[in-house]
Structure formats: structure tokens, C-alpha cells
Amino acid sequence: MNPLNELRRRFLRALNGLADRPEEQLDLVRRSQDARFGDYQANMAMPLAKALRRPPREVAQAIIDRLELSDICEPPEIAGPGFINLRLRNDWLAAQLRQAANNDRLGVAPVEQPRTYIVDFSAPNVAKPLHVGHIRSTVIGDAINRTLRFVGHQVISDNHVGDWGTQFGILLYGWRHFLDHEAFRRNPVLELIRVYRLVHQLLERQSQTETKDAANVVARDESEFPETDEPADASLPPGEPASADRAPGAEQPIDSDGAGGAAAQLAAGPAELEDLSRAHPNINAAVLAETAKLHHGDPENRRIWQEIIDVCRGLIGHVYQRLGVEFDVTLGESFYEPMLPEVVANLVARGIAQESHGALCVFVEGIETPMIVRKQDGAFLYATTDLATIVYRMNRWRPDVILYVVDHRQSLHFRQLFAVARLLGYDQVDLRHISFGTVLGEDGRPFKTRSGALLGLERLLDEAVAQAARIVAENDDAKPGGPELSPEQRAQIAEAVGIAAIKYADLSQNRTSDYVFSFEKMLAMTGNTATYMQYAYARVRSIFAKGGVDPQSLRSSPPPLLLDTAAERALALELVRFGESLDLMLADFRPNQLTAYLYDLANCYSAFFESCPVLRAENDRLRLSRLLLCDLTARTLQKGLELLGINVLERM
Ligand code: ARG
């Protein structure tokens with residue numbers, strides 16, 4: 001059920017023979033901004049009139065004469081210079097909704113041409129805990145993944161975790177020299193953070209006293225990603241050697257997560273640092289050597305690496321579980337390591353890559369900076385792995401589309417990557433960077449905790465849940481008949497409300513803009529928030545409990561729908577538009593299209609509920625008709641929120 005598509009199909013037929021390229025006119029069939037001009041509007045008569053050298057109103061009439069719409073619409077009207085106003089027939093709306101009632105897809109037909117999509121999202125660098133910056137990729141990617149599946153595409157969700165970067169050199173060095181095995185057993189994450197931070201501090205010290213040579217090394221490494229204007233939140237000192245093959249725009253390592261406070265206390269003080277610094281004079285080179293050893297297959301480093309990865313994966317897995325996010329595959333960067341030499345050899349053999357200053361580069365037309373696929377020292381890079389990943393994905397799944405849900409700061413990387421993929425002959429697959437903006441604090445700067453460290457995602461979730469718990473308790477206490485929820489129920493509801501708030505706040509923003517993170521706003525009971533939507537859902541559901549009505553009977557044999565009042569009709573119209581909102585979202589992979597639709601739906605429902613008594617309707621026919629509208633509203637809200645990865649609650 002998608003009225004806009006249906007109207008466009010009819011216009012296509014009518015325009016055949018009138019317009020040269022009728023399909024190009026179809027964008028001009030749109031939803032009306034103002035109900036006075038009907039439900040939809042078609043505005044192609046004006047541009048067509050120019051081409052045909054005929055008066056626009058005459059062209060509009062000619063289109064109407066050829067339109068076969070009488071089963072869907074009231075007779076179309078011409079307004080102003082030649083707008084065609086369309087109003088759906090009430091009996092058509094009612095018939096659509098009665099069909100939807102008896103259908104677990106709510107009448108949304110599966111796509112006619114299913115395609116295979118790979119959605120590459122979340123993809124944190126696992127030597128570090130997840131932080132607020134990972135919310136966006138995870139939440140936006142998951143919503144896209146769920147919606148594509150629902151409309152009938154074949155989808156593979158792949159978490160391309162960063163498990164091979166140079167930050168492991170730091171951890172390996174720290175592990176070998178500073179790890180307190182007892183502390184690691186007690187709290188592996190905290191101990192990893194401590195040693196990471198310690199090594200990091202030593203590197204920092206050394207780079208401050210380092211010769212110009214090392215400074216040059218770093219400067220050159222950084223220039224590989226010149227588009228990466230490190231945000232203000234990047235606390236990496238300029239001398240951090242690990243920056244060489246970090247993903248462009250990637251966040252800083254393990255030391256600056258939510259446990260940063262604890263780690264900071266544990267890290268060495270100035271005197272101790274002084275001593276350690278003397279004891280580890282060439283730590284910069286040593287760290288690089290540890291990474292190189294790992295990359296060359298040193299069994300001991302491999303074993304330690306595995307142990308570290310296991311800890312990190314467990315930690316991240318727990319967050320995914322709370323977020324309700326699952327992946328079909330988690331193929332990290334390390335998975336592609338064995339394939340890199342062949343990819344590079346192929347680039348060389350086909351004359352695509354060339355040597356430049358000792359590094360192997362691909363120059364792409366129209367992009368000034370080359371993509372480096374092998375450094376002077378022989379090391380491969382983030383970009384090399386991404387090329388191998390494309391080769392692997394094409395062989396294994398033959399996707400039609402690969403979506404990369406990644407920070408906007410990596411846009412140059414993806415432009416280069418996609419161009420090189422085309423040079424390699426992958427020109428059929430649609431490669432797309434679904435980029436997004438930065439999460440800002442209420443001061444308008446990249447989101448941080450007061451201590452200046454990025455807040456760990458797990459702690460962020462805890463904080464949202466704690467704030468939600470207060471709201472849930474207040475609302476429950478304020479119930480007319482006294483509180484209804486047990487402490488366990490309250491806790492469960494708070495978890496769902498808190499997590500939903502974080503997700504929805506992100507999804508309801510235009511993904512390409514930065515957005516301001518505010519617990520207060522995201523948990524507000526009114527406005528376009530998850531909390532409002534969840535309450536709206538629970539309120540609709542409560543009608544059935546109150547009236548002792550089993551919605552199942554309304555679904556299996558839907559009663560006639562009476563749409564005589566403006567509010568009932570407006571709600572019905574909104575309900576039939578569900579499929580339309582999904583198409584709108586997927587047209588440019590913007591979940592805020594779906595949140596906006598759901599918010600409109602909830603508002604239409606409120607207006608309906610205020611003016612139309614449901615359980616106390618004048619007669620049985622009206623009562624059943626309104627109950628069906630209620631049930632469809634609840635189901636549409638539930639399905640829409642589910643596609644956004646948000647759970648509803650039957651009671652709140
Ligand atoms: N690990 C990278 C980062 O944190 C993101 C990877 C995105 N996916 C990809 N195929 N490059 O910046």
C-alpha cells in the first residue's frame with residue numbers, strides 16, 4: 001500500500017504520448033502541503049505547457065482526460081495556473097486499511113525487484129571501548145538494515161571492526177612490559193586501559209624530546225589523510241605514531257573512554273614517568289616493531305593480540321546486546337590481512353598502482369591526493385584492507401549495493417576507494433558512503449564529559465537509563481489510582497525508554513548534520529522523542545485493555561471503516577502512507593524520514609482521540625470502526641519503531 005506510487009503509475013500511463021519522457025515528470029506528483037488542496041498534487045502541467053506551447057490549464061485538463069483514477073480518487077480539480085489537486089476516495093482508503101488490518105506487513109507489498117545489499121556499519125576499532133561517536137553508525141546502520149530487509153531486499157550486515165591497526169603495537173608493548181596479570185584477571189578492560197595509557201604517556205614524552213627526524217615521520221604519516229581535520233575531541237598528541245594507519249577521522253584510543261577518569265588515576269605520575277622514560281628510551285620504535293611483528297605473524301604477539309581481541313569483543317558484544325543490534329557477519333580488518341599482498345600485486349600488474357616516494361599509490365582522476373596502498377616500510381593500510389574487502393564481498397555475495405555507514409570525515413577515503421574499485425572492474429556494484437555528522441555537546445562542541453574525555457558508550461546508556469528511571473517513577477506515581485508498576489517492571493521499562501531515547505534522538509536528526517546530545521531533550525514527554533512515541537503506543541494499547549477488546553478479532557474480520565469526520569479521515573490517510581514513508585526513507589537512507597512520519601501519525605492520532613470517543617462512541621458500528629483505527633495506529637507505530645530498532649512497551 002503506497003498511494004503515491006499508485007498515483008504515479010496512473011500518471012505515467014496518462015502522460016504517455018503527451019510528454020516526451022513521462023517518467024521524468026513523476027517527481028511532480030507529490031503529497032500536498034495543505035489539506036485544502038487535496039491529499040496529493042500533480043504539478044507537471046506548467047513545465048509541459050511550455051514544451052507544448054499550450055496554456056497550462058488546458059494541458060492540465062488534457063492530462064485529467066487521459067487519467068484513469070476514478071477508483072482511487074475523487075474527480076481531480078485544476079487550481080491556480082494548472083495544479084492538479086487529488087483527493088483519495090474514502091471508500092478506497094477504507095478498503096486499503098481493511099486489507100492492511102488482515103496482513104502482518106500492514107499492507108506494505110514487498111519490492112518487485114529485490115536486490116542484495118551489504119550494510120557495513122558500526123565498525124569500531126576494538127582496542128578501544130565504544131564511545132558516543134559510534135552511536136551514529138550503529139544506530140543509523142541498524143535502522144537501514146532492518147528497513148531494507150522489511151521491504152524485501154536481501155541484506156548482509158557486516159561489522160568491519162578495526163582489529164588490526166597500529167594501536168595494537170601500543171597494547172602489545174604495554175602487555176609485555178607493564179601488564180599486571182592479576183589486575184588483568186580481575187578487570188581486563190581497566191588493566192588494558194591502564195597499560196595503553198601508560199605507553200601512550202611515554203610516547204608522548206618521548207615525542208616532545210624527539211629529534212626532528214621522528215617529527216618528520218609523523219608529519220608524513222599524517223599527510224596520508226589530509227582530509228582528516230581531527231576534531232577538537234581528538235586528544236592524540238601530534239607525536240602519536242599509531243596515527244599512521246588509523247582510519248581517517250577515527251577516534252582516539254582506549255585511554256580516553258568513559259573509564260578515562262579511573263585510568264587517569266592509575267596512570268603514572270611525573271616522577272614515575274621520568275624513571276620509566278629512562279628505562280624505555282626507544283619506545284616509539286619499539287611500539288612500531290611490536291605492530292610489525294604482529295603483522296608478520298610472530299606467534300607470541302598473535303597470541304596476546306587474540307587475548308586482547310577476545311576481551312574487547314566481549315565488551316562490545318555486551319553493548320550490542322543492550323542496543324538490540326545484530327550482525328550477520330563480523331569480519332574485522334584482520335580477516336583480510338592474508339589477502340592484502342595479492343590485492344596489491346594485482347593493482348601493480350594491471351598498472352593501476354604506481355610507486356611514488358617509495359610508497360605504492362593509486363592516482364585517481366579528479367582527486368588530487370593519491371590513495372596509498374603500501375607504505376615505504378611495506379606496511380599495508382586501511383585503504384588496502386577496504387579494497388580486499390570489496391574483492392571478498394563481491395566474490396562471496398555478489399551484492400548490487402554496498403552501503404558504508406561511516407563518519408563524514410572519511411569521505412575522501414571513500415571517494416578514492418570507490419574510484420579504485422571501478423578501476424579494478426567493479427563498476428556494476430553501487431558503492432555508497434552513507435555519511436553522518438558529529439555528535440555535539442550542549443556547548444556546540446564535540447560531545448565530551450566534563451573531564452574532557454569522550455564518554456564511554458556503556459556509561460552513556462547507563463546514564464540514559466538512570467534518567468529514564470526517574471521519569472518512569474514520576475509518571476507511575478502520578479497515576480490517578482496510585483502506582484501500578486513493580487520495581488522490576490519499572491527497571492525494565494526504564495531500560496527500554498533510556499535506550500530508545502538515545503537511538504531515536506540520533507535517528508530523528510538529518511544524518512548529514514551534526515546533532516546536539518541532550519538527555520533532557522531526548523527524554524522529553526512531548527515532541528518528537530522516543531519517550532513520546534512509546535507513551536503514545538502504550539496509550540493506544542490501553543484502550544483495548546480498558547474496553548476488554550481483543551484486537552485479534554478486528555484483524556481477522558475487519559469491520560467497515562467510517563471516515564466521516566475530518567479527524568478520522570486524516571488518521572486513515574496517514575495510516576495508508578506507511579509504505580510511502582519507508583520508500584522515502586530508503587530513497588536516500590534517511591531514518592529521519594521515518595521518525596517524521598511516525599511523529600505525524602502520533603499527532604493525527606491525538607487529534608482523532610480528542611474529538612472522537614472510541615469506547616463510548618454513539619453506536620457499535622462507529623465503536624468498531626474507531627477501534628480498528630486505534631489498532632492500526634498501534635501496529636504501525638510498533639512496526640515503524642521496530643524498523644528503527646526501538647522497542648515498544650505494552651504498559652508504561
Ligand atoms: N573502523 C573504522 C573507524 O572506526 C570504520 C570502518 C568503516 N568501514 C569500512 N569498511 N571502512 O573509523
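Sequence order as written defines the numbering, with residues in each chain counted from 1. Per-residue local features are limited, in this predicted model, to residues with pLDDT of at least 70; the limit for side-chain atom pairs, both in listing and counting, is 80 or more; totals at the level of whole chains, interfaces and linings are taken over all residues. Remark: hydrogens and water are excluded; side-chain values derive from all non-hydrogen atoms of the structure.

**Some words on the packing of aromatic side chains**
Aromatic rings from Phe, Tyr and Trp, taking only the six-membered ring of Trp, are treated as a pair when their centres fall within 6.5 Å; an angle between ring planes under 30 degrees marks them as stacked, one over 60 as edge-to-face, and anything in between as tilted. All chains considered together, the criterion is met by 20 aromatic pairs. Ring centres of tyrosine 392 and tryptophan 397 lie 6.0 Å apart, and the angle between their planes is 85°; this geometry places the pair in the edge-to-face category. Either the NZ atom of lysine or the CZ atom of arginine qualifies as a charge over a ring when it sits within 6 Å of the ring centre and within 35 degrees of the ring normal. Note that arginine 105 overlies the ring of phenylalanine 150, its terminal NZ or CZ placed 4.5 Å from the centroid. Geometry around phenylalanine 544 places arginine 541 over its ring, the cationic atom sitting 5.4 Å from the centre.

**With respect to the side chain of arginine 136**
Secondary structure elements are defined from DSSP: runs of H or I of at least 4 residues count as helices, runs of E of at least 2 residues count as strands, and each element is numbered from the N terminus. The topology assignment puts arginine 136 in helix H5 (residues 132-150). Polar contact is defined as a pair of N or O atoms within 3.5 Å, subject to the rule that within protein one atom must be able to donate a hydrogen and the other to accept it, and that residues adjacent in sequence are counted only when both atoms are side-chain atoms. At a separation of 3.2 Å, a polar atom in the side chain of arginine 136 contacts the main-chain carbonyl oxygen of glycine 437. Any two residues whose heavy atoms approach within 4.5 Å are treated as being in contact. In contact with arginine 136, other than residues within four places in its own chain, are Gly141, Phe436, Gly437, Thr438, Val439, Asp506, Gln509, Asn510, Arg511, Ser513, Asp514 and Tyr515.

**Description of helix H11 (residues 270-279)**
Classification of residues uses two cut-offs on accessible area relative to the type maximum, computed with a 1.4 Å probe and protein chains only: under 20% is buried, over 50% is exposed, and between them is partly exposed. Buried residues of H11: Leu273, Leu276 and Ser277, and no others. The buried residues of H11 occupy one face: seen down the axis, they fall within an arc of 105°. Among the exposed residues of H11, those pointing more than 90 degrees away from its buried face are Ala271, Arg278 and Ala279. Buried residues along H11 sit against helix H6 (167-178) and helix H8 (188-209). Directions pointing from the helix axis toward each C-beta atom define the arc.

**Thoughts on unusual backbone geometry**
Here serine 122, not a glycine, exhibits a phi torsion of approximately 75°, which is positive. With respect to the secondary-structure elements, serine 122 resides in the loop between strand E5 (116-120) and H5. Of note in the backbone geometry, histidine 357 takes a positive phi value of approximately 50° without being a glycine.

**So, the confidence of the model for the protein**
With 90% of its residues at a pLDDT of at least 70, the protein reaches an overall mean of 88. Known as pLDDT, the predictor's confidence for each residue is given on a scale from 0 to 100. Confidence over residues 212-244 falls short of pLDDT 50; this stretch has 54 contacts with residues more than four positions distant or in other chains. In the predicted structure, residues 249-266 sits below a pLDDT of 50 and forms 50 contacts with residues beyond four places in sequence or in another chain.

**With respect to the pairing of E5**
The element E5 is largely enclosed, with a buried count of 5 among its 5 residues. By the alternation rule, side chains of E5 split into Thr116, Ile118 and Asp120 and Tyr117 and Val119, which are all buried. Alignment of E5 against strand E6 (residues 154-158), held across 5 bridges, turns out to be parallel. Note that in E6 the partner of threonine 116 across the bridge is glutamine 154. Pairing between two strands requires that DSSP report at least two bridges joining them.

**Digging into the nonpolar core**
Nine residue types can take part in a nonpolar core, namely buried Ala, Val, Leu, Ile, Met, Phe, Trp, Tyr and Cys, and a core is a set of them joined through side-chain atoms within 4.5 Å. Ranked by internal contacts, the top residues of the largest apolar core, which has 168 residues, are Phe11, Ile63 and Phe517. Per element, the largest residue contribution to this core is 11 residues, and it comes from helix H19 (residues 487-507). Apart from residues lying up to four places away in sequence, isoleucine 63 is in contact with Phe11, Ala14, Leu15, Leu18, Met44, Ala45, Leu48 and Ile84.

**Some words on the packing of helix H4 (residues 90-101) against helix H26 (residues 620-643)**
Between H4 and H26, whose axes approach to 11 Å, the crossing angle comes to 60°. As the angle between them shows, H4 and H26 are arranged oblique. Considering how the two elements wind past one another, H4 and H26 form a crossing that is left-handed. Side by side, H4 and H26 meet where Leu97, Arg98, Ala100 and Ala101 of the first sit next to Leu628, Leu629, Leu632 and Arg635 of the second. Residues that form the contact of H4 with H26 fall into these classes: 6 nonpolar, no polar and 2 charged. Each axis is a line fitted through C-alpha atoms, and for a helix only the stretch in contact is used; angles between axes span 0 to 180 degrees, taken between their N-to-C directions. Put simply, angles under 35 degrees are roughly parallel, angles over 145 are roughly antiparallel, angles from 65 to 115 are roughly perpendicular, and the rest are oblique. Note on convention: near helix rotated counterclockwise from far helix by under a right angle means a left-handed crossing. Clockwise means right-handed. Only Asp, Glu, Lys and Arg are considered charged in this grouping, and only Ala, Val, Leu, Ile, Met, Phe, Trp, Tyr, Cys and Pro are considered nonpolar; every other residue, Gly among them, is considered polar.

**Looking at the sheet that holds E6**
An order of E6-E5-E10-E11 is seen for the 4 strands of this open sheet, with the pairing classed as parallel. Each edge of the open sheet is held by one strand with a lone partner, namely E6 and strand E11 (430-436). Going across the sheet, the axis of each strand differs from the next one's by a mean of 20°, ignoring polarity. Here helix H17 (residues 411-423) sits on the sheet and contacts strand E10 (401-407) and E11; the angle it forms with E11, its principal contact strand, is near 180°.

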